[in-house]
Amino acid sequence: MSNEIDRRAFLAARTPSVDLGTYDLPVDEVPIPPADAEVLPTACEYCIVGCGYKVYRWPYHRKGGSKADANAFHADFPVSAASGKWVSPNMHNVVRHNGELHHVVIVPDGETAVNRKGNHSVRGGTLGLKPYNPRRPTAERLQTPLVRIRNMLHPISWDDATAIAAELSTYAIDKWGEAAWGCKYYSYQFWENTYAVTKLAYGAIGTPAGAEHDKPTASNDATGVDDAGVDGFSAAYTDWRDADVVYISGVDPYENQTILFTEWMAPGGAKIVFVNPRKSPTAAYAERTGGLHLQVWPGTDSVLNNAIARYIVERGWEDTDFIERRTATRDDIAKEAKSWRRHRFGMTFDEYKAFLLADDAYTIEKAAATTRVPANKIVRAAEMLAKPRGSLRPKASFMLEKGNYWSFNFPNSASLSALGLTCGAGGRPGRVISRAGGHQRGMMKAKGYPLSKSPVAYHDARPDDPGGAKIPLNFDKWAMEGNLRLAYVVGHSWVTAMSAGQSLRDKIEKLTRGHPVQVTGFGRDSIVAELKRRMDQGGMVLIQQETYQNDLTEYVDLILPAATWGEVDFTRAQGERRLRIYSKFYDPPGEAKPDWWIVAQIARKMGFDGFDWNDGNDIFEEASARSKGGQYDYSKLVELAEAKGMRAHDLLRSLSTTGIQLPARLADGKLIGTVRLHDETVPADEEHNKIVKQFKTASGKAIFMRGDWRFVDKIYSRFHPKQDELWVLNGRINHIWQTMYDDLRKPYVRQRYPSNFLFINPADAGPRGIESGDLVHVQNDDVVNQLGEKTTGVLALVAYVTDEVAPGVSYTYAFYPGQNSNTVVPAVTDPVTGVYNYKIGKGRVTRVGETPLKKVTGAMSFVPRTIG
């Protein structure tokens, strides 16, 4: 009993507002939907794979039976868990629909094109715990607008809240210019919302002070892939199945894209070359099934990629036919007037080959010393990827994600795309270069970033441009310098999620809650006057639009409660550009409103036209014009809906959980999807010929980008662990999603990870006296912040002793609230793209003592995860 009390105390200390000890009792019974239950299509809220789900909804006081004619599944129970008709307790909830209580069960759709046979991940399998229920931890949902008065949050009306936001926004813009108004916003939370946010920020206001949730600037993600002309989500899931070998860099698809791995990759039998500092589950699988684990030393991926490529070209194993037909000449590259990076770093194959051969860093011997990958494994990887088998070449595909491009963005991603092109990958069945993906593709910009207004330039961008090309400003640095008077943060915790997070938080606190000018009384005019006075005195107003309070909330002045997944009809695409509708199936809690509605209210009160939408369908149809000609072109769907006299949302709903792969075209009155991009063999009409068949360059040909280790080797040496420091890497873990905005309210998940952890190798743990379950402190006294100041970052974590990480390397979850890994990561950006190197933190690790988790069963497990 004492252990259970200690456990509850420890859990409560992590999130004081939720005592999970009162919620972790198992449930052994769930209702079966009756035969006439309503069925609504949706897709998973979480990872990029976007598995299809069906929501069954029926009145609370009814239930179905176990015989096929008495339930909506038309199945005789019991059924197999793999049938797509089995319901776990984590798939059930009680919600309000039109004000009345209803049961809902949210189950994987066995008839969809994604998670066939009803498979699901641990994340999707807990979707039933997401909807608001006042008798569950979701009772913490924000339900009414709040304003901070005398350091406490108080409810106000929507009219007052949006009027205050509008008047303060107008004041900041009129007095200091557009760049004094900034917006930090998600890029994943549905097209209707992101279209509205960018229409206000970049269209109506025209601010250069904007950035998506996971970047400090308005930049791309895998920049070296994009610059090569390869769309980051060009592949079809069948391509990973049909490849002979898949080169996976910086991502574990079993952990992070579970159904992509279990339903598509593993059944295909491709050999995996797995590049990752951790021996995670996919690494173990790769080794067990005839593949390789290249346990690369953190940050040295470009050396490894270039060494493999050098070995290939030295032996003439490159795909000459593909290179000659589909990659750019010097004249082609000269046409890239809109891209300074292509001008400066773009190469023909011959130039790329010369670059590889000119630098001894890319010889097998020196690369092995730098990357700590054995020379024989580098050679074997090159053979698997490119050595001909008689007259046949291996079908090689290349997958990357944040472990690659968030530890030196440009050289890592550019070197991977060039290696892929060398092997003939790109837009061919079983031969693709593509991201694995993190979140789903919810960005539909109404207006692009106003680059001409940015005050920042890349001063060595082009020889013929001494002033340097314009690049987007760093949102965090801009704020810390005192340039923002109002920050509008939509769906993001901001301060703790960015590099040097504690330093950023300290500065934001001084500008907001720690500023001498605070609101002291009620009344719209009084609130506005005092916050204007703060801005006049160099402070900042912070507005947060969210579903739950998070790490940012203690600094905000105004909170606007948002409706989310399941509460409004929304749309977005997943990892193979498959567009679906995410149906509304229950009422938003309290006064929560969709983000697009909130944005529209503020915009209209600021005097802007074009925000008079009645519902999300109005936005979806309007935004289709912006999608034309791009990889997410769905304009033909809207055109067909108009011809049928339907709303576009309703036509999309009729496509159920399979949806349509974009870009979509019309043929004989039917919508036709696009399986993969850059594929010369797929049918395409004249309108979509370029985006479907060609690479995304002026010539339509792919470009070898110079992914040079020399861009970053000095930065690497400067921030490499010294003396008793360890690398402190970060990333995702199978059970947890993002910032845990839902997982904190899912006892099933919290019980598995009630605290953030630190994977540490036995060779590092032993001398420090550390055992699994111990509390450890991590401290980095070399965290250079956005202003170039040397600061300290600290973390308290639970030790998890494992050989999953190599000696000298440790690993923690990236976004655990209150224990965020980026506190020990310097805010040093990639010298080419301006993106943070989120993945390469470091610190001294010391033992503090034991935690209750060391002895309590039924909570955090410390068993080995290195199984395949």
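Before reading on, note that the structure itself is shown above.
None of these values were measured; they are calculated from a predicted model.

S.K.: Would you mind showing me how to read the side chain of Arg676 here?
M.R.: Note on placement: Arg676 falls in the loop between strand S25 (670–672) and helix H25 (689–693). A residue is classified by how much of its surface remains accessible, and Arg676, at 7% relative accessible area, is buried. Engagement of the side chain of Arg676 in a polar contact is seen with the side chain of Asp239, the distance being 2.9 Å. Setting aside residues up to four positions removed in sequence, Arg676 forms contacts with Ser234, Ala235, Ala236, Thr238, Asp239, Gly427, Arg428, Pro429, Arg577 and Val692.

S.K.: Help me understand the packing of helix H9 (residues 301–314) against helix H14 (residues 364–371), please; the structure alone is not making it clear to me.
M.R.: For any two helices packed against each other, the geometry is given by the interaxial angle and the distance between the axes. At a minimum axis separation of 9 Å, H9 and H14 run at an interaxial angle of 160 degrees. The angle between the axes of H9 and H14 places the two elements in the roughly antiparallel class. The interaxial crossing formed by H9 with H14 has left-handed handedness. Contacts between H9 and H14 involve Val303, Leu304, Ala307 and Tyr311 on the former and, on the latter, Ile364, Ala367, Thr370 and Thr371. The residue makeup of the contact of H9 with H14, split by class, is six nonpolar, two polar and no charged.

S.K.: I would appreciate a short explanation of the packing of aromatic side chains in the present structure.
M.R.: Scanning the model with the defined rule gives 45 aromatic pairs in all. Considering the side-chain rings of Tyr254 and Phe261, the 6.1 Å spacing of their centres and the 75 degrees angle between planes classify their relative orientation as edge-to-face. Overall, Phe261 belongs to the buried group, its relative accessible area being 6%. Taken together, the aromatic side chains of Tyr753, Phe757, Phe759, Tyr800, Tyr811 and Phe862 make up a single cluster linked through ring pairs.

S.K.: What should I look at first to understand unusual backbone geometry in this one?
M.R.: Backbone geometry follows two general trends: most residues other than glycine have a negative phi, and most peptide bonds adopt the trans configuration. The omega torsion of the bond from Phe77 to Pro78 falls at 5 degrees, within 30 degrees of zero and hence cis. Mapped onto the secondary structure, Pro78 falls in the loop between strand S2 (52–59) and strand S3 (92–97). With an omega dihedral of 0 degrees, the bond running from Leu662 to Pro663 counts as a cis peptide bond. Within the secondary structure, Pro663 is located in the loop between strand S23 (660–661) and strand S24 (665–667). We note that Asn151 has phi near 65 degrees; this positive angle belongs to a residue other than glycine.

S.K.: What is the right way to read the environment of Glu509 from this model?
M.R.: Counting through the fold element by element, Glu509 comes out in helix H19 (residues 501–511). Judged by its relative accessible area of 33%, Glu509 is partly exposed. Separated by 85 residues in the primary sequence, Glu509 and Pro594 place their C-alpha atoms 28 Å from one another. Not counting residues up to four positions away in its chain, the partners in contact with Glu509 are Gly514, His515 and Tyr555.

S.K.: What exactly am I supposed to notice about the sheet that holds strand S14 (residues 433–435) here?
M.R.: In any sheet, the strands associate via hydrogen bonds between backbone groups, in a parallel or an antiparallel arrangement. If you walk across this open sheet you meet the five strands as S11-S10-S9-S13-S14, and the pairing is parallel. Strands at the two margins of the open sheet, each flanked by one partner only, are strand S11 (292–294) and S14. For this sheet the average axis-to-axis angle between neighbouring strands, irrespective of direction, equals 20 degrees. Strand direction decides the pairing type here: strand S9 (residues 245–249) and strand S13 (residues 396–400), joined by five bridges, are parallel. From the neighbouring strand, Tyr247 faces S13, where its bridge partner is Phe398. Here helix H8 (residues 281–288) sits on the sheet and contacts strand S10 (271–275) and S11; the angle it forms with S10, its principal contact strand, is near 140 degrees.

S.K.: Would you mind showing me how to read the pairing of strand S7 (residues 181–185) here?
M.R.: It is a general feature of regular strands that their side chains alternate between the two faces of the sheet. Judged by how many residues are buried, S7 sits mostly within the fold: five of five residues are covered. Side chains Trp181, Cys183 and Tyr185 project from S7 onto one buried face, and the interleaved Gly182 and Lys184 project onto a second face that is buried too. Across five bridges, S7 lies against strand S17 (residues 486–490) in parallel orientation. Across the sheet, residue Tyr185 finds its bridge partner in S17, namely Val490. Two elements, S7 and strand S8 (residues 210–212), share three bridges in a ladder whose sense is parallel. Residue pairing in the sheet places Cys183 in a bridge with Gly210 of S8.

S.K.: Before we go on, may I ask you to explain helix H17 (residues 409–422) in this structure?
M.R.: Residues that lie three or four places apart on an α-helix share one face, since the helix turns once every 3.6 residues. Helix length check: H17 (14 residues) gives 20 Å between terminal C-alpha atoms against 20 Å at 1.5 Å per residue, within 8%. For H17, the buried fraction is high: 14 of the 14 residues fall into the buried class.

S.K.: What am I meant to see in the packing of helix H2 (residues 158–176) against helix H20 (residues 524–536) here?
M.R.: Between H2 and H20, whose axes approach to 10 Å, the crossing angle comes to 30 degrees. Taken together, the axes of H2 and H20 lie roughly parallel to each other. As for how H2 packs across H20, the hand of that crossing is right-handed. Residues Asp159, Asp160, Ala163, Ile164, Glu167, Leu168, Tyr171, Ala172, Lys175 and Trp176 of H2 touch H20, and the partners they reach there are Arg524, Ile527, Val528, Leu531, Lys532, Met535 and Asp536.

S.K.: Quick question: what am I supposed to make of the environment of Val246 here?
M.R.: Looking at the element boundaries, Val246 is found in strand S9. Residue classification places Val246 among the buried positions, given a relative accessible area of 0%. The spacing of Val246 and Ala396 is 150 residues in sequence and 5.8 Å in space, taken between C-alpha atoms. With residues up to four places along the chain from it excluded, the contact list for Val246 reads Trp240, Met265, Ala270, Lys271, Ile272, Val273, Ser397 and Met399.

S.K.: I'm lost on H2 in this one. Help?
M.R.: When the terminal C-alpha atoms of H2 are compared, their 27 Å separation across 19 residues agrees well with the 27 Å that a helix rising 1.5 Å per residue should span. Taken residue by residue, H2 has Trp158, Ala161, Thr162, Ala163, Ile164, Ala165, Ala166, Leu168, Ser169, Ala172 and Ile173 as its buried positions. Positive phi appears at Gly177, one or two residues downstream of H2, with a value of about 100 degrees.

S.K.: Quick question: what am I supposed to make of the pattern of salt bridges here?
M.R.: Side chains that carry opposite charge are capable of pairing whenever their charged atoms lie near each other. By the definition in use, this model includes 68 salt bridges. Between Glu255 and Arg865 there is a salt bridge, with its nearest N and O atoms 2.6 Å apart. Within this pair, whereas Glu255 is found in helix H6 (residues 253–256), its partner Arg865 is found in the segment after strand S32 (841–850), the two being separated by 610 residues in sequence. On the basis of relative accessibility, which here comes to 10%, the residue Arg865 falls in the buried class. A salt bridge links Arg653 to Asp569; the shortest N-O distance between them is 2.9 Å. In this pair, Arg653 is assigned in helix H24 (residues 648–654) and Asp569 in the loop between strand S19 (558–563) and strand S20 (570–573), connecting sequence segments 84 residues apart. Put simply, Glu212, Asp214, Lys215, Asp221, Glu401, Lys402, Arg435 and Lys445 are held in one network by salt bridges that share partners.

S.K.: Honestly, the side chain of Asn71 in this entry has me stumped. Any pointers?
M.R.: Examined against the element boundaries, Asn71 turns out to sit in the loop between S2 and S3. Look at Asn71 and you get buried, because its relative accessible area is 0%. Within the structure, Asn71 has its side chain in polar contact with the backbone oxygen of Gly65 (distance 3.1 Å). Polar side-chain contacts of Asn71 include one of 2.9 Å to the backbone nitrogen of His74. Among all residues touching Asn71, those that are not within four sequence positions of it are Ile32, Pro33, Pro34, Ala35, Gly65, Ser66 and Phe77.

S.K.: What am I meant to see in the sheet that holds strand S21 (residues 578–582) here?
M.R.: Strand order in the open sheet formed by three strands is S20-S21-S23, and the pairing between neighbours is antiparallel. Whereas interior strands pair on both sides, the edge strands pair on one side only; in this sheet they are S20 and S23. With four bridges connecting them, S20 and S21 associate as antiparallel partners. Residue pairing for S21: Ala573 is matched across the bridge by Leu579. Relative to S20, helix H3 (residues 191–205) is tilted by about 90 degrees, and along the sheet it contacts S20 and S21.

Reading the values: rules and limits
Residues numbered from 1 in each chain as written. Predicted model: local features only at pLDDT ≥ 70, side-chain atom pairs only at ≥ 80, totals over all residues. Heavy atoms only, no water. Helix = DSSP H or I, 4+ residues; strand = E, 2+ residues; numbered from the N terminus. Buried < 20%, exposed > 50% of the residue type's maximum accessible area, 1.4 Å probe, protein only. Polar contact = N/O pair within 3.5 Å; in protein donor to acceptor, adjacent residues only side chain to side chain. Contact = heavy atoms within 4.5 Å. Axes fitted to C-alpha atoms, helices over the stretch in contact; angles between N-to-C directions. Parallel < 35°, antiparallel > 145°, perpendicular 65-115°, else oblique. Left-handed = near helix turned anticlockwise from the far one by under 90°. Nonpolar A, V, L, I, M, F, W, Y, C, P; charged D, E, K, R; others polar. Phe/Tyr/Trp six-rings, centres within 6.5 Å; stacked < 30°, edge-to-face > 60°. Pairing = 2+ DSSP bridges. Expected span 1.5 Å × (residues − 1). Salt bridge = Lys/Arg side-chain N within 4 Å of Asp/Glu carboxyl O.

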